[in-house]
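Commentary on secondary and tertiary structure
What follows is each chain in one-letter form.
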2 protein chains.
Amino acid sequence: MSNRIGPEHGLSGDSWAGLCSRLGALTDQLRETQAAGSLRWRDLVRSPLSEEHVDQVSEVADQVRAYYAESAPGGRCKHMVVLGIGGSALGNIALQAALRPQTHNLTSCKFRPGPRLYVMDNVDPALVGDLMLQLERADPGLQHTMVNVISKSGETAETAAQFLIFRDWLRRHLGAERAGRHIVAITDSSQGTMRAIVDREGYLNLPVPDGVGGRFSVLSPVGLFSACMGELDIAHLLAGAADMDRQCSESDPHRNPAAQLAGMLIEFATNRGKPNHVMMPYSNSLYMLADWYRQLWAESLGKRIDLDGREVFAGATPIKALGTTDQHSQVQLYREGPNDKVIGFVEVERFAHDVTIPSGLGVEALSYLEGKTLGTLLNAEKRATEYALVESNRPNYTIRMPEISEYTVGQFLMLWQVATAYAGLLLHIDAYDQPAVETGKVATFGLMGRPGYEQWAEKVDKSLGG
Amino acid sequence: MSNRIGPEHGLSGDSWAGLCSRLGALTDQLRETQAAGSLRWRDLVRSPLSEEHVDQVSEVADQVRAYYAESAPGGRCKHMVVLGIGGSALGNIALQAALRPQTHNLTSCKFRPGPRLYVMDNVDPALVGDLMLQLERADPGLQHTMVNVISKSGETAETAAQFLIFRDWLRRHLGAERAGRHIVAITDSSQGTMRAIVDREGYLNLPVPDGVGGRFSVLSPVGLFSACMGELDIAHLLAGAADMDRQCSESDPHRNPAAQLAGMLIEFATNRGKPNHVMMPYSNSLYMLADWYRQLWAESLGKRIDLDGREVFAGATPIKALGTTDQHSQVQLYREGPNDKVIGFVEVERFAHDVTIPSGLGVEALSYLEGKTLGTLLNAEKRATEYALVESNRPNYTIRMPEISEYTVGQFLMLWQVATAYAGLLLHIDAYDQPAVETGKVATFGLMGRPGYEQWAEKVDKSLGG
């Protein structure tokens, strides 16, 4: 607020009060939109859809486990390869990173719940080729390897290419019949290219729910299945999200954290010259949640045209950073560079297993650390950085997570999804489309020689030179 | 240029010509500064310092290898834990990620050159605790584990805390005498807290060269030692950097890529309203180079005061992105959001092992992919995205790497280091200090109870509330 960082950069009490009265009206508007059925992603955490999905996902996970237990010596699914990109990948990565140790994939079966998880969210030949080589060495006949393809249409070029590669690879190692048992598809329940393939080949499958866009799909089977295979408590995840959904339905903005966040960030972006929003968790586990958030915020809000058809070039740039690591990389810029950012800290109050800094070195300059814990140091660094930013008149806020659990991560996901909905209303844009992605898709089809898209290859060559 | 993306957002031929004449003068200025001895980081790739460092680093690596070969059954260093943060970590991570497979740490000894590498660049208790647990399981007596602590002073709180923890941990598992043989320190050659510890405990050690700041230290022993342990060709890395150093010493800006890059980016940042620079490699391997670059650009250029003492709040915000992955996350914003960014692509022309997309699925909609390679698809996606950005009048450029090798990565590192030097001159700021980091450091000391810093704890509590 302006009493801390000055009137040029901070919000005044009056401007905040004005914002809050506007936010209250938006809550009513969201409630009506919800009732009209166009916010299906909020239904994902409500009865009956949430229970249906937990049941469906758990059942498929059980079938997969039963298959591996029966079909291979040593009997379990040890390697899970997810083929997906954007909203079909980021949620899976974020949940795994937040709720499993960073060392999960290095840990041997004996100590590791669930399979190793590899999310192939690119078509880099080195990424894909090296993983296949690694799996062929670790699991020569691929008896313990499962491939989970996630694509609503089946036509996203990256996922389609990977699917062709991994399907062929499984067939070469396992034979055509068994290969199909090692594939689980998450796709549209009734139409599209992947649906047709699933029906023909008989893969186990789960739905991408109707009316839920990729970046709002983490709490659907798209994000829940790999979490369930990894033995995370997906009911608890949805319960946290549901509680946050209720909290973020409060008409009073002071009791509604999503409305507050969106109001504050959009005010800074549009009226205070701070269109950059840094999400900076003080926890390696939460860093990938910032990556998930990046898609949500960028793709939902970055829009040329508003709802009245005016050219607005709306949007705010999400930036991920990691504390304390980026104190030694980005904080110099955040304090002394252009004052064009809001810094959002995420702080963890209690770590499940803290580490105590031992004594005994006998060096005076370091003795102040002895007997303290790393958690204490981490949060002291965060507080020191917060202080340093305030000293430089840089707006910042802190989200405190009591602990990292399925429940709190579910809360966090829903908090930002609802905040994004508010931000879309405040910017008066459609937060649910992504028109600008289309040009790149069709231009890729043209350059790759897909029939019917020849004119796009010509357009590209004409624009960029042959 | 303006003929492609319009006069509002593009550079005109005239403005570019004006810029180029200015850049030529800066090259002379850099040459004089270099001769006066204050650009020591450029000396790192020149004779005799480059040969000295290759020899020193190789000799210590040989001693380490000999020790493990003699002291343990199975005889090699299998796990290398780097303790460092900021410039003591980012270069190590970037080299490993660029030049070793993403699966390196998952690969068994038999197929893996060099040790697994773990860079502990944070004090997150989960990160540290989980790694220690993992290593105790993989290497119960820690006979195959080496700890490499990197700190010029030894007083950086994060690295000091980690050092206390890992030193104690080695001593508990190996006994006091052997533990010291499992530690290699990279620190100041003559003074400081870590130097005193090294001298007392007799660790193998390598120098942080005088006059080289952390973010310019990747081509010194700071970055070279873990690379050498990982059996990368560090002489080849330095040769690539040296060739780029020569190229970037050309007075004619058209023959000097660092001058061109800096001139273009600073012009866009200061006169065209585009202070955000996205580095977007189309290669997972190169993504961590963007992270390394982030520190270089942010910490060097983000400065409140210019060389004449005027308050300027200079700087440009580096953002890392990954192609194609972020096409499905950020490109909507980059095309339709505020036109406040320059997008820098990095493209790899030849991948060492490409992967061919097989045929045989028999689905019409996907047949255009069959028989093509992933490398072809990846670069078509990049070209399509470049086209889409130009269509939206968004400035962008492409750096083409013929292949990913020690030589080209060395070139890339030096290119950006010299570009940063030019950018500092163009902004008329000191690119080599980081005054804003100091406040957070002393405030942390205060909050952690370090004697002599009590007043800082009071200041923080007064500012933020107790």
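Notes on the structure in this doc start here.

About the thresholds
Residues numbered from 1 in each chain as written. Chains lettered and ligands numbered in written order. Predicted model: local features only at pLDDT ≥ 70, side-chain atom pairs only at ≥ 80, totals over all residues. Axes fitted to C-alpha atoms, helices over the stretch in contact; angles between N-to-C directions. Helix = DSSP H or I, 4+ residues; strand = E, 2+ residues; numbered from the N terminus. Parallel < 35°, antiparallel > 145°, perpendicular 65-115°, else oblique. Left-handed = near helix turned anticlockwise from the far one by under 90°. Contact = placed C-beta atoms within 7 Å. Least-squares fit on C-alpha atoms with pLDDT ≥ 70 in both. Buried ≥ 20, exposed ≤ 12 C-beta atoms within 10 Å, placed from the backbone. Pairing = 2+ DSSP bridges. Core = buried A, V, L, I, M, F, W, Y, C linked by C-beta atoms within 7 Å.

Considerations on the packing of helix α5 (residues 90-99) of chain B against helix α13 (residues 287-301) of chain B
Helix-helix packing is characterised by the crossing angle of the two axes and by the distance between the axes. Residues and elements named next belong to chain B. Running from N to C, α5 and α13 point in directions that differ by 160°, and their axes come no closer than 7 Å. Of the possible angle classes, the one that applies to α5 and α13 is roughly antiparallel. In this structure, α5 meets α13 at a crossing whose hand is left-handed. Judged by residue contacts, L90, G91, I93, A94, A97 and A98 of α5 engage Y287, M288, L289, D291, W292 and Q295 from α13.

Section: the relation of the copies chain B and chain A
One chain copy maps onto the other through a rotation about an axis and a shift parallel to that axis. With an RMSD of 0.0 Å, the operation that places chain B on chain A is a rotation of 180° combined with a shift of 0.0 Å along the axis. Taken together, the rotation and translation describe the operation of a two-fold axis. Of the C-alpha atoms belonging to chain B, the one lying closest to the rotation axis is found on L106(B), 3.0 Å away. Looking at chain B, 100% of its interface residues are interface residues in chain A too, so the copies touch through the same face.

Some points on the environment of W292(B)
All names here are of chain B. As for its position among the elements, W292 is in helix α13. By the C-beta count within 10 Å, which is 28 here, W292 ends up buried. In this structure the C-alpha to C-alpha distance between W292 and R200, which are 92 residues apart in sequence, comes to 33 Å.

Some thoughts on the sheet that holds strand β2 (residues 116-120) of chain A
All names here are of chain A. Reading across from one edge, β2-β1-β3-β4-β5 is the order of the five strands in this open sheet, with parallel pairing throughout. Edge positions in the sheet fall to β2 and β5 (204-207), since each has one partner strand and no second. Across the sheet, the mean angle from the axis of one strand to that of its neighbour is 20°, orientation sign disregarded. The strands touched by helix α4 (residues 49-71) are β3 (145-150), β4 (183-187) and β5; relative to β5, the strand with the most contacts, the crossing angle is about 165°. The sheet strands contacting helix α7 (residues 157-174) are β1 (79-83), β2, β3 and β4, and the helix crosses β1 at an angle near 145°.

Quick word on the nonpolar core
Residues Y422(A) and Y422(B) are the most contacted members of the largest nonpolar core, which totals 310 residues. Apart from residues lying up to four places away in sequence, Y422(A) is in contact with L26(A), A258(A), A259(A), A262(A) and G263(A).

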